[in-house]
Each structure stands twice: as C-alpha cells, then as structure tokens.
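Analysis of the macromolecular model
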Amino acid sequence: MAGVHVSTTVNGDAVEYVCPGSETLLDALRDRVGLTGAKEGCGTGDCGACSVTVDGQLVCSCLVLAAEAEGREITTVEGLVQDGELHVLQRKFIEHAALQCGICTPGFLISAKALLDRNPNPSVEEVRYALAGNLCRCTGYDKIVRAVLDAGKDMRKANKKRKAKK
Amino acid sequence: MAHDKTYTDQDFKLVGTRPLRPDGVDKVTGRARYGADMNAPGQLVGLILRSPHAHAQIKKIDTSKAEKLAGVKAVITSADLPDLTNGDAGMYDTLENCMARERALYDGHAVAAVAAVDAETARAALKLVKVQYKKLKHVTDVDEAMQPGAPIVQPRIKDKETGLSTNVCGMTPFGHGDIEKGFAEADVIVERSYKTEQTHQGYIEPHACLATMGPDGQGELWVTTQGHFTFRNVCSALLGIDLAKLKVTSSEIGGGFGGKTHVWVEPVALALSRKANRPVKMVMTRDEVFRATGPTCSTSMDVKIGATKDGKITAAEATMRYQDGAFPGIWGMLGGLTSFACYDLPNVKSVGIDVLVNRPKVAAYRAPSAPMAAFGVESTLDILAAELKMKPVELRLLNAAQEGTQSSYGPTYGPIGIKPTLEAVKKHPHMRAKLGKNQGRGMACGFWFNIGGQTCSDINIGTDGTVNLTVGTVDVGGARASLSLICAEELGIPYESVKCAIGDTGSLGHNDTTEGSRGTFSSGMATIFAARNAIEELKQRASIMWDIPAEEIDWAEGKALATGVKNSNLGELTLAEIARKSPNTGGPIAGHNEINADGAGVSFASHICDVEVDPETGSTRVIRYTVIQDAGKAIHPDYVEGQFQGGAAQGIGWALNEEYIYGKDGTLQNPGFLDYRVPVCSDLPFIDTEILEIPNPTHPYGVRGVGETSIVPPLAAIGNAVSNAVGVRMNHVPMSPPRILKALKEDQADQKAVSAG
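The residue numbers shown here count from 1 along each chain, following its written sequence. Chain letters and ligand numbers both follow the written order, the letters beginning at A and the numbers at 1. Where local features are concerned, this predicted model is filtered to residues with pLDDT of at least 70; where side-chain atom pairs are given and counted, the filter is 80 or more; whole-chain, interface and lining totals use all residues. In computing side-chain properties, one takes all heavy atoms of the structure into account and sets aside hydrogens as well as water.

**Here we look at the interface of chain B and chain A**
- At the interface, 51 residues of chain B touch 45 residues of chain A.
- A carboxyl oxygen of Asp or Glu within 4 Å of a side-chain nitrogen of Lys or Arg is what we treat as a salt bridge. Applying the counting rule to chain B against chain A returns four salt bridges.
- Nitrogen and oxygen atoms within 3.5 Å of one another constitute a polar contact, given that in protein one can donate a hydrogen and the other can accept it, and given that sequence-neighbouring residues count only through two side-chain atoms. Our count for the contact surface shared by chain B and chain A stands at 24 residue pairs in polar contact (both at pLDDT 80 or more).
- Contributing elements (two or more residues each) for the side of chain B that touches chain A: helix 2 (24-29) and helix 19 (637-656) of chain B.
- Strands here are runs of E lasting at least two residues and helices are runs of H or I lasting at least four, both read from the DSSP assignment and numbered beginning at the N terminus. The biggest single contributor to the side of chain B that touches chain A is helix 19 of chain B, with nine residues. Pairs of residues are marked as contacts when any of their non-hydrogen atoms sit within 4.5 Å.

**Points about the sheet that holds strand 19 (residues 498-502) of chain B**
Residue and element names in this part refer to chain B.
- The mixed open sheet is built from four strands, whose spatial order is 19-18-17-23. Only two strands of the sheet have a single neighbouring strand rather than two, namely strand 19 and strand 23 (589-597). For this sheet the average axis-to-axis angle between neighbouring strands, irrespective of direction, equals 15°.
- When DSSP finds two or more bridges between two strands, those strands count as paired. By the bridge criterion, five bridges tie strand 17 (residues 453-461) to strand 18 (residues 467-471) in an arrangement that is antiparallel. By the bridge assignment for strand 18, Ser457 is matched with Val471. Axes here mean lines fitted to C-alpha atoms, for a helix over just the part in contact, with angles spanning 0 to 180 degrees between N-to-C directions.

**Things to note about unusual backbone geometry**
All names here are of chain B.
- Residue Pro734 is reached from Val733 by a cis peptide bond, and omega for that bond is 5°.
- Backbone geometry places Asn277, a non-glycine residue, at a positive phi of 60°.
- When you line up the elements, Asn277 lands in the loop between helix 9 (266-276) and strand 12 (280-283).

**Comments concerning the sheet that holds strand 5 (residues 110-116) of chain B**
All names here are of chain B.
- Judged by pairing direction, the sheet is mixed, and its seven strands sit side by side in the order 3-5-1-12-9-10-11 without closing on themselves. One side of each edge strand has no neighbouring strand; the edge strands of this open sheet are strand 3 (72-76) and strand 11 (246-250). Each neighbouring strand pair of the sheet contributes to a mean axis angle of 20°, computed without reference to strand direction.
- Strands in contact with helix 5 (residues 119-128) are strand 1 (44-50), strand 3 and strand 5; relative to strand 1, the strand with the most contacts, it is inclined by about 25°.
- Set on the sheet, helix 8 (residues 228-239) makes contact with strand 10 (219-223) and strand 11; between it and strand 11 the angle comes to about 145°.

**What about the nonpolar core?**
- Ranked by internal contacts, the top residues of the largest apolar core, which has 186 residues, are Phe93(A), Val148(A), Ile718(B), Val722(B) and Met735(B).
- If you tally residues by element for this core, the top one is helix 12 (residues 370-388) of chain B, at 11 residues.
- Both domains that meet at this core, namely domain 1 (4-80) and domain 2 (88-165) of chain A, each give it at least three residues.
- Discounting chain neighbours no more than four positions away, the residues touching Phe93(A) are Ala98(A), Leu99(A), Thr105(A), Phe108(A), Leu109(A), Ile144(A), Ala147(A), Val148(A) and Val28(B).
- Put simply, a nonpolar core is a bunch of buried Ala, Val, Leu, Ile, Met, Phe, Trp, Tyr and Cys residues held in one set by side-chain atoms that sit within 4.5 Å of each other. Relative accessibility under 20% of the residue-type maximum defines a buried residue, over 50% an exposed one, and the middle range a partly exposed one, all with a 1.4 Å probe and only protein chains included. Judged by nonpolar contacts, the second largest core, of 43 residues, contains Ala488(B), Ala530(B), Trp555(B) and Ile589(B). Domain extents, as shown, originate in an automatic or database domain assignment.

**Some details on the pattern of salt bridges**
Residue and element names in this part refer to chain B.
- Scanning all chains against the criterion turns up 51 salt bridges over all chains.
- In this structure, Glu746 engages Lys742 in a salt bridge whose closest nitrogen and oxygen atoms are separated by 3.4 Å. Of the two residues, Glu746 and Lys742 both sit in helix 21 (residues 737-756), four residues apart, roughly one turn of that helix.
- On the basis of relative accessible area, Glu746 is assigned to the partly exposed category, the value being 42%.

Just geometry here; none of it tells us what the structure is for.
Here it is in structure tokens:
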C-alpha cells in the first residue's frame, strides 16, 4: 500500500502506522492502533463521539487526518485510567448513572476532562456549553452535567490536599 | 396471571436501590464493544449504492465493471436476493426495503451492494456500478398522497374502495358511544387541525454488523440490534438459512429507540458474505442512517372535543393521517389507539389512517405514533380549558380515566396512574415557580401500552455461590442492572454476586425484541420465575445434604432452612454452601424459565414545561421541565429517571427543532446532525422527575414499562407553554423559529385588523 508512515504517541505509548493520506485519525486509531473507544457517530464533526485530545487540544478525530498525528501526543478514552484507577470523571459517570447506551460516553469523558483541565470550577452554564459539541440521545444530559460538576468538586478537593502536602 | 401479593407486598431489600451498573466500567473505559467494534480475520468492507431519486424505475444495473476492479470480492443486486417470502406480504416489504427490485421507492433506497478488501476499493467499486433509472412522479406529503390521482407508491396494493388514493393502505376506527349525540350535548366545541413533521430516532451509533456465511450454510451475525432473535428470524427467512444455523449475537447497542427493531443492511451483509465466502463488515454513514433508516411518521390530523360548561367532556373525535413511508405500517392505527386513552369519555371516535409516500420505511420510534396524537388532543384540550375558563390540569383531572373506565381503544382499565400524576402536577413546586416576560407554562398528559411477549431467562449458579444470569432481551438503557437486582432479590444474595449477560441466539430460546417497554417487565418476570425454579433445585440439594425430605425445607434470605422440631439441630445452609457441594449432590445447579409474559401494565405520564420565547427571533428555550410518571415499581430508580429524562429531551427536540426537510425533487435536504438539529447540552435545563408507583397487578413485582411514555407529552406541553408565553397557538410541529415568528407576525396583523375594525 502506498501510504504515509506515521510515528506518534497514543496514551503514552509510542505507536507507528502506515495509512492512506486521506484516512482520518479516528479510522487509524480504531482500525490500525486497535483502540475502538472513540466512536464514529457522524463523520462530520457534529456529534463528538470521536473526541480525543491531540497535544492536549480537544478535537473530533473524524476531522483530523491520521497523518497529522505525526510527532503528536494523542489521548483517547482508553488513556484515562491511571495506575489501574478509574479517572474521577469515569467514576462519577457510573455513580451518577450518567450513561445509558454508553456510545457517547467516551467522547463526553474526553470533552469533560478537557474542560476541567482548563477550568477546574465550572458553572452549570459553562459545563453545558463545553459539552455542547457532544450529542447524547439517551439521557437528556441531566445526569451527565451533575456527574461533571461532582467530578470537578472531587478534583478540586484532591488538588487542595496535594497543595497542602507540599 | 393472578396478582401475586406475596411479592408486591413484600419489603424489598434490593429492588428500589441504586447500585452501580454492571456494564459501567466497560462503557467508561472504551472496552464495551458496539456494532462497529468487532472484526474478523479476512473481513471485507461492504457498502451500499443508494437511489438518488425519490421514485424511479430501475431499468438496468450493470455491475460488470465493478466486479472486474481488483480487490472487489462480491457485487449484489436484488437478483442475488430471490423472493423466498412465500406470500408473506410483510416479509416481502422487508426484502424490497433491503434492496430495491423493479423500482426505487425513496431517496436512499438500496439498489446494489459491493464487498471489497478495503473501504477505498469498495467506494471505487460503487462508482463503477451503473444503474439506468427512469424517474417517476413522486409524493412525499401525507395529505397530497391521499388525493385521488396522486402518484402511486406501491401499485401492488389493491384499492380498498375508500374513494381516496390507493396510497391509503389502512384506515382503522376506534371508540364507543354516539359521537353525534355527544356533540349535541356539548356547550362548547373546539375543533382544530394540526401537522407534525417527520423525525428520526437519532441514535448516536449508526447501524453496523459483521456477517459471516460459510459454504456449509452456517452463518454468524454480530449486530447492533434491539432484537437479535427477531433479526435471526428475518435474515433466515429472507436468505433461506435454517434458524439453528444462523447465530446472531447482539453487540452493545448505541441507542435504538425503535429504529433498531428492523433489519436494514444485515440481510445484504449476509448475502455479500455468502457470495464472497468471506466475513463482511458493514457500517452505515450518518447520511445513510437519515436517508434510509428509522424515521417516524409525519402526520396531519383533525381533532374535535366538546364539553359541558362545567367541563365534562361529552364527545371527542380525531381523524389522524400518518405517513408510513414507502411500505405499509400500523402507525396510523397506533395513533388511533392512543389518542384519547388518558380520558374517560362517554362518546369517542378516533380514526387512524396509514398512507404511503416516497420516503423511507417508517420504523417504531419510542411510543410510536402516540406523541403526534397527544399533540393534537392535548393542544385542543388546552384551548377548551381556556374557553371554559378552567385550569388545564383541572379539566384533565375531571375527565381522567381510572380503574373501571372503558378505554377509548376498547379494554376496561385496571388500576392506572393518570389521576395520581395529575394530582402530583397540582402539588409540584414547579407549578408555583415564577414566570418572567415572554415566558409561559404548559402541561400535557401521555399514554403508552407496553407489551410482554416471548421471553426466556437462565440462571446458572457457580460453585462459589456467584450467579450467571442470561437473558435474551437486549439491554438498551441499563436493564442488566435492574435484572441483576431482581435476580439477587429473589435468590437472597448480594447484587454483586450476579453477573447478567445477554445470551446469543444459540444460548437461549426465542426472545422477542426489546420494544414496547418490555425489557425489564418481561425479562424481569422470567428472571423471577427462573430464580424460583433454581430455589426449588437448591432445596432439593439441601435435602440431599441434610438427608431430609425437600418438603421440610424453606427458603428465605438466600438460605435453606430446615423446618420442624425434629430438624431443629440442622440450622441453615446458605446458597454458597449448597453450591459448593453441588458436584457431589447432582451436578450444576440452574434455574430457567420460558414464558409468554402476559399482563403488561399501561403507563401514564403528566409533564409540566416552562418556555421562554424570543419574540425577535422566534427562538424558544425550555427553562424548566418536570416529568411525573407511573412506573408501577421502579426497580433501579436511577435508570427509571434516565428514561423519563431521555424521553422528555427527545420530545423537546421534536417539538422545537427536529424535522425531515424534503426538496421539491423528493430528496432529503438535511441528512446530517448539522442540519437535523437534535438538542445539545446547552439547549436543555435539568429535567426534574417524580416517579409514582401504582403497582401493575399482573407483574410479580408490580412493574410497568417505563421507557416510552416520557416522549408522549412534550410536543403538546411545549405547544401549550408557547401559547401561554406569547399568545400564539402553534398547530405545526416543530415549533421552529421561522414557524413561531410567522405565527407571531400573523397574530400582530390580526390584532391590528381587530383594533382598526
């Protein structure tokens, strides 16, 4: 196959693949790297189910070319678990019943993490607008917003403790 | 089935609590596998060529160039799907919908399919398939399609002598009493016409499957579906495969809402695999999902309600026209069945009409047909309340159905929840919340049947006392949590000791599709009986261990108890203790149950909604929303609330924004999430819920279906709120900004005319 050779980092691991120039990052992650956590709901950047971060920047991986991942650091939902522990957002989504079918959940988790990383104490309004690029058809968003607010609270507490220790 | 008071009156230990869902970790870590997440060695990519025309004769399909392209392993047309349906009209419709035969019946209708080594090759092959069409006249509007002389969608459907076009494929009246007499007794009569546009279920996961057919006639299908047993039945019938030789496994399902109760690409994927002799994976694009799957009907209806001046309804009548897409359905009939079900009416008539148009075959969408009927009826009731100077909630309470009422669709109700939900509306703090400028409050009621159907559950007890529960109904919204709770409750063991899985078609007997809010109702029932069956076996094993007759053993709280004075030294044996000894007392311990789950309980809801309308733009925002619904018994309240909130959100989208827009050429203009706008997080407020529990006397735990009713009231609740906010009565859904703006302008013009006159 004539293709582009790409060296990138996915969830901290060095990864290489060869892909056609027209292939999306989403397809490369799913079909070449074997990470199917990011989902294709639309392929046009409207539903957010394929959300990942590239060098910390939230993107729809269906709108990024696989070749653009060269030299970048990609984080997918599979990278949220650290040292065998669920990320606080993952925990809160389960505790608040913030998922039903779960197809949109990986995208929401990535978007919510991007929000809390840059704004640890968002208002309800800020959560709603930050997540407006992710479609959920099951929950009406109610329990998702509550889970994100609660996760923010826990993360702030943990940060305070960490600072106090220093 | 008799009301089993032992169980509705018991104090539940686990049922009604909110433990963590068993599939939660899989779904937050990306480990859960959905339709498109499965692969097989040597798999091909399958793609479908679709009609660009609303209606066209297919004169010729030349696949020769596509077949010659390197990497293409199979190309099929309807010639590869011979008619094996033996006169089964419904099955023939399914066959024709999967692949057009003589004619393409709507924009997006499949006409050919290819399987190739990769997506690029498959896409190139599609371009090489040459189809010669002769365009035919089309019709996409329900009212136009009914007129004599309209383009005929399905010439094979015979004239029913209605005097209308043969596109009218069903006309079903319901009701009782004497309508003429009833209207003659009325002091006030309100008569209005309404229209609702077509919407899509909008599940985020597109249809996807992985099909494998071997030369030995055996096949496997991995698929996102609400009913893998039904998919097996249909695929087997269409392709001539023995039922037992087609194993269908349901993947995790990324939303269905009725849209994944029907086959679309699956028979095509199996046919491609059979021809190529390799596994074929097919994943629809969003464009295909919109153009060729799902949607629910667009409608047009006339509603007339009369009442005495003290608010007693004397007669109610509705004529409702539902378009079914290009194939006959029961959607108009369902509208006729549900329209007036909330009320106790002496004289009622409701006619549901089914009409064919050149649009995709309509599929069920959450309480199918009821939201549109409720929009017409509940809007008319609010107008009537205003004319009678009554509060809308009081008018509804005065006329609400109750136990003993003969329903508008026939049967007499048992204990039902419509009055309690209305009483709860009156008491709810939402009703006292202050409203600002351009804000208004509306309410509406809704009804849905719920169904039971064929169901099996298996319980297998491991030697460590943990339990595998296998059910055959697909889990669309958290049912594994509810069914694990039920299983643990019956056996008297911790929730965490139960592992619930959805069995494939080879591991259980037939289970009907998860539809009609039946998942927790019917699999819950089968699980209760399977657990009781296992308990009988556990008692047998305890009798062997103790060497006493089984009749002298009781079962309580997960333990066998020896009864009687002579057994007083024996004490008790826990489930785990009995299980540990099972290899020596007769082998594995299991319980199973196979039933037709009868006794589904009807379900009612009342919704309250506050909106703010921007008179400059016509844009409407929902600012407060409350769902009050009877659940019978909420097994896992978190997921009952989730169903209430999700249905309300879909209804809000339908009411305000979502609509299929067809061009003059009969093609869909907005087949994507950018132009077909479902509610996003910033569009909605928190959705408050109140669960009422009026037990269904025909379920051992009192369960009613909860999944669907919540989408029924929102269209009308929002219409009523808009009317109260800015004084215009919206008779056309969605109440999108242009429609509201137009109504506001017309209203201003009318007022000017009045003041000038």
